Amino acid sequence: MFSLYIADDERWVRQGLRSTIDWRSEGIEPIGEAEDGLEAFDFITAYTPDILVTDIKMPGMDGLELMANLKQRNIKTKVIFISGYTDFSYAKHAVKLGAYDYVVKPIEEDVLLDVVRRCTADLAQEREQNKRLERMAESMRECLPLARQRLLEMLLFNESHAPIDLLPKWETLGIKLDPSGIQVLAVAVQCWGEKGTSEKSRSLVRIGLANIGEEIGGSWGSVLGCPLDHHEIDVILLLSRQACSAAESQACGDPLLSGLLQFVEAAKRYLGVDINVGTSRPRDVSNLSVSCHEALHALSCGFLEGSGRVYEAAKLPFIDEGGAPDYTGPGDVWMNRFINAIKLGDEEKMKEQLEELEHHLQSAVSSMKPLQLSRGLTALVKQVTDKLDLTGAEDAAARETVARLKKEAAALRLQLPRIKELLLPFFIQASAQVGHKDSLKRNIQLAIEYICRHDLQDISMNEVAGHVHLNPSYFSKAFHDETGETFSKFIMRQKIARAKKLLKLTTMKVYEIAAQIGYTDLRHFVRIFKESEGITPSQYRDKG
């Protein structure tokens, strides 16, 4: 509904305007009236009606003064003037000054309605435009964090960026960090606990870590958290540090280190996850990718030492790998033995091969960087998983298990002290899935053997499914996929085959044969037999 206010010094005019038109049917609600401009001005400034219908000449404050004062207050009420013929020139002048339109007295209902309807149509269009602008503004506010995130990811992981127009973007996106000195803090979740069951829960943990880092980091300087969907880093914290006096450093130690240890504890307490943090040296914004690589190198030291630690690149002998190859594993012989152990489901053999892998990794520690070792081991696990036959899953649950295993293989955060602890359960699950297709075939064969032993009895699908330890609905689908026919059709075919033998080899009556193979209704048996063979049981016997 649009709101309407009427101002005229003549009461009969106000009454006529109220009563001669069905305003509500036009989508308009009259909300008041005044007999002079001063009273109207006070009301309009308080309630801002959408439309004002006013006379030009009124005591105290005339219509033109009223409109001028409303305009000065930036009140957007649409003003429609009514005037006599003698005031026609005033009305035209008022329109030039910004009035919506004018109507000449005596007022004709059709003429006034035409003006009001055009006015409400324009008001509706303005409202819709304002809504669109509000939606655009809201969208821009929502997109700002995303645009900021994309810029930071480009700077962190893309070394070929051009920093010429970087600072204007930096300011436009509202990044409150000193671009001349930024430290990269790389955070990786080493143990997800219950929070690692789905990508959604892991994403929420990353957001939580970024928020906790920003809150705790206020004592270090300006901090911006950046959650990531990255296979080696879960969160990046960008830090512009506050200056710390020598006396403060000597008295309290490095506030950043103590703050990061507090951050590690908070992640465990509030989010239930174990994390490691790697820190870079401060650099200007154009070298963020260098700092990110340095922080990742520091973070990778957790591969050797475990969780809940902070690793500072400034305290490590940082040497860029310079294209040095990643760890490749013990070799093809080990790979073949390990895959065979998984396919056979031999847990002891799997454990032996993982111990051999652990020893081989330990021997490589002295010659390779932790980042090369952790990346190489992750690639090795993926290689083993890819070599396994995990494509034989027939049902939705099994396919979901396969997909989850492959995701877990790509996302495993491995640590040398926990190789067997992390990998053995994973490959035991994979082993169960590898044998899925062959074991399913064997189960269907056992089911058929069981059916054949009981072909003269009334046997249910639930009974057979229970015999081979499968869910009935899963068994039904698997049976059809393996045999090409439904369970009930297979049973019927077995019984008909038995009936044909009895018809040819014995002198039993047809009703006796029907009863022996489980049909208590002779007519039903005859109909089923004829549908299967094209002739009745008696005709089959007489056929010789």
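In case you missed it, the structure is sitting above this.
The rules behind the values
Residues numbered from 1 in each chain as written. Predicted model: local features only at pLDDT ≥ 70, side-chain atom pairs only at ≥ 80, totals over all residues. Heavy atoms only, no water. Helix = DSSP H or I, 4+ residues; strand = E, 2+ residues; numbered from the N terminus. Buried < 20%, exposed > 50% of the residue type's maximum accessible area, 1.4 Å probe, protein only. Contact = heavy atoms within 4.5 Å. Areas by Shrake-Rupley, 256 points an atom, 1.4 Å probe, with all protein chains shown as cover. 1 Å grid on protein atoms, 1.4 Å probe; cavity = no way out; pocket = protein on both sides within 12 Å on 5 of 7 lines; lining within 4 Å. Points joined across faces, edges and corners; volume = space filled by probe spheres on them. Nonpolar A, V, L, I, M, F, W, Y, C, P; charged D, E, K, R; others polar. Phe/Tyr/Trp six-rings, centres within 6.5 Å; stacked < 30°, edge-to-face > 60°. Lys NZ or Arg CZ within 6 Å of the ring centre and 35° of its normal. Pairing = 2+ DSSP bridges. Axes fitted to C-alpha atoms, helices over the stretch in contact; angles between N-to-C directions. Core = buried A, V, L, I, M, F, W, Y, C linked by side-chain atoms within 4.5 Å.

**Considering the overall build of the protein**
Here is step 1: Counting its secondary structure elements, the protein contains 23 helices and ten strands.
Here is step 2: The proportion of buried residues among the 544 residues of the protein is 43%.
Here is step 3: The long-range share in the protein, meaning contacts at least 24 apart out of those at least 6 apart in sequence, stands at 67%.
Here is step 4: When the accessible area of the protein is evaluated, it comes to approximately 29,000 Å², of which 52% is carbon and sulfur surface.

**Considerations on the layout of surface pockets**
Here is step 1: Of the volumes computed, that of the second largest pocket is approximately 300 Å³.
Here is step 2: Among the elements of the structure, β6 (183-191), α10 (288-299), α11 (302-305) and α14 (370-387) are those that each provide at least two residues to the lining of the second largest pocket.
Here is step 3: Broken down by element, the lining of the second largest pocket gets its largest block of residues, four residues, from α14.
Here is step 4: Split into classes, the residues belonging to the lining of the second largest pocket amount to eight nonpolar, seven polar and three charged.

**A look at the packing of aromatic side chains**
Here is step 1: Under the definition given, this model contains twelve aromatic pairs.
Here is step 2: Ring-pair connections join several aromatic residues into one group, and the members of that group are Trp334, Phe338, Phe426 and Phe427.
Here is step 3: Above the face of the tyrosine 519 ring, lysine 495 is positioned so that its terminal group lies 5.5 Å from the ring centre.
Here is step 4: Lying across the ring of tyrosine 540, lysine 504 places its NZ or CZ 4.6 Å from the centre.

**Things to note about the environment of valine 310**
Here is step 1: Looking at the element boundaries, valine 310 is found in strand β10 (residues 310-312).
Here is step 2: Relative accessible area serves as the criterion here: at 15%, valine 310 is assigned to the buried category.
Here is step 3: Each C-alpha atom, one on valine 310 and one on serine 258, is 9.6 Å from the other, the two residues being 52 residues apart in sequence.
Here is step 4: Those residues in contact with valine 310 that lie beyond four places of it in its chain are Leu257, Leu260, Leu261, Val264, Val277 and Thr279.

**Some details on the pairing of strand β5 (residues 101-104)**
Here is step 1: By the alternation rule, side chains of β5 split into Asp101 and Val103, which are all buried, and Tyr102 and Val104, of which none is buried.
Here is step 2: The sheet contact formed by strand β4 (residues 78-83) and β5 spans four bridges and is parallel. Residue pairing across strands places phenylalanine 81 opposite tyrosine 102, the latter belonging to β5.

**Side note on the sheet that holds strand β8 (residues 235-241)**
Sheet strands associate in pairs through backbone hydrogen bonding, adopting either a parallel or an antiparallel arrangement.
Here is step 1: Judged by pairing direction, the sheet is mixed, and its five strands sit side by side in the order β7-β8-β6-β9-β10 without closing on themselves. The sheet is open, and its two borders are formed by β7 (221-227) and β10, each paired with just one other strand. On average, each strand axis in the sheet is tilted by 20° relative to the strand beside it, whichever way the strands run.
Here is step 2: Both β7 and β8 contribute to a ladder of seven bridges, which runs antiparallel. Along β8, the bridge assignment pairs proline 227 with valine 235.

**Some thoughts on empty space enclosed by the protein**
One water molecule sets the probe size; rolling that probe over the atoms shows where empty space is left.
Here is step 1: Counted by the stated rule, this structure contains one cavity of 30 Å³ or more.
Here is step 2: Along the walls of the largest cavity sit Trp334, Phe338, Leu354, Leu357, Leu377, Leu380, Val381, Val384, Leu423 and Phe427, which together make up its complete lining.
Here is step 3: Going through the elements one at a time, α12 (332-344), α13 (347-364), α14 and α16 (419-434) are the ones with two or more residues in the lining of the largest cavity.
Here is step 4: Tallying contributions element by element places α14 first for the lining of the largest cavity, with four residues.
Here is step 5: Residues belonging to the lining of the largest cavity are distributed by class as follows: ten nonpolar, no polar and no charged.

**Description of the side chain of glutamate 358**
Here is step 1: Assignment of secondary structure puts glutamate 358 in helix α13.
Here is step 2: Look at glutamate 358 and you get buried, because its relative accessible area is 13%.
Here is step 3: In contact with glutamate 358, other than residues within four places in its own chain, are Leu416 and Lys420.

**Describing the pairing of β8**
Here is step 1: Across the seven residues of β8, six count as buried, placing the element largely inside the fold.
Here is step 2: In this sheet, β8 lies alongside β6 in antiparallel orientation, the contact comprising five bridges. What sits directly across from valine 184, in β8, is leucine 238.

**Examining the nonpolar core**
Here is step 1: If you look at the biggest cluster of nonpolar residues, it comprises 30 residues, and the most contacted ones within it are Phe338, Leu357, Leu361, Leu377, Leu414, Leu423 and Phe427.
Here is step 2: At the level of secondary structure, the elements contributing two or more residues to this core comprise α12, α13, α14 and α16.
Here is step 3: For leucine 414, the contacting residues outside a window of four places in its chain are Phe303, Leu377, Thr378, Val381, Leu422 and Leu423.
Here is step 4: Listed in part, the 26 residues of the second largest apolar core include Leu151, Leu156, Leu288 and Leu371.

Interpretation note: all reported values are geometric properties and have no functional meaning in isolation.
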